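Residue-level structure breakdown
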Amino acid sequence: MAHPLRNIIETKKIYSGHILDLIVDRVKFPSGQIHDREVVLHKSAVAILPINDKGNFLLIKQYRHAVDEDILEIPAGLCEAGENPEESAMRELEEEIGYCGDLERVAETYSSPGFCTEKITIFLARNLKPKTLPCDDDEYITVFEYRPDQIETMIADGTIKDVKTIAAWGCYLSRLQK
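Report on the accompanying structure. (Residues numbered from 1 in each chain as written. Predicted model: local features only at pLDDT ≥ 70, side-chain atom pairs only at ≥ 80, totals over all residues. Heavy atoms only, no water.)

Observations concerning the sheet that holds strand S5 (residues 57-64)
On the basis of which strands lie adjacent, the open sheet formed by three strands has the order S6-S5-S10 and antiparallel pairing. Each end of this open sheet is capped by a strand with a single partner; those strands are strand S6 (69-73) and strand S10 (141-146). Taking each pair of neighbouring strands and ignoring which way they run, the sheet shows an average axis angle of 25°. Those strands touched by helix H3 (residues 163-176) are S5 and S6, and its axis lies near 165° from that of S5. (Pairing = 2+ DSSP bridges. Helix = DSSP H or I, 4+ residues; strand = E, 2+ residues; numbered from the N terminus. Axes fitted to C-alpha atoms, helices over the stretch in contact; angles between N-to-C directions. Contact = heavy atoms within 4.5 Å.)

See below:
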């Protein structure tokens, strides 16, 4: 059933790429007005907060071209064709930090639903065991281990800016309160 506020008159594909497509929808709103809405159709992704046997967290630092910064974040990546989110999460753990583990799905989020369809499934990973897959050839990743108080401080002082990392941290804290 169509949403009562959704009345797409026309869709025009502007760009088709490797990880996303860009479309422009012409939409008629309940007021009768017609507006164009740009939409990024983005592949689904996963993000994983890895917790080691000491109760510390493994974050990665990598250069992100779009913001021209080295970003401190949790392991994450796109879901490949035919993979379910759990398979994608395990692959990303192995590629980015060299571990596999027990996964707990804790949330599904949209990165920026005002214009983008990207859905990110967030996992906690525990009982980590070494298992490595080669990194993607365009990733330059360094792994760091942090105590919980360090994560709190880095979120509060703006060192951690990545929204999926902040969301995963919030999911972890909510699990502690149960």
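Observations regarding unusual backbone geometry
A positive phi angle, near 55°, is found at Asp68, a position not held by glycine. Asp68 gets classed as exposed once you look at its relative accessible area, which sits at 54%. Even without glycine at this site, Asn127 takes up a positive phi of about 55°. (Buried < 20%, exposed > 50% of the residue type's maximum accessible area, 1.4 Å probe, protein only.)

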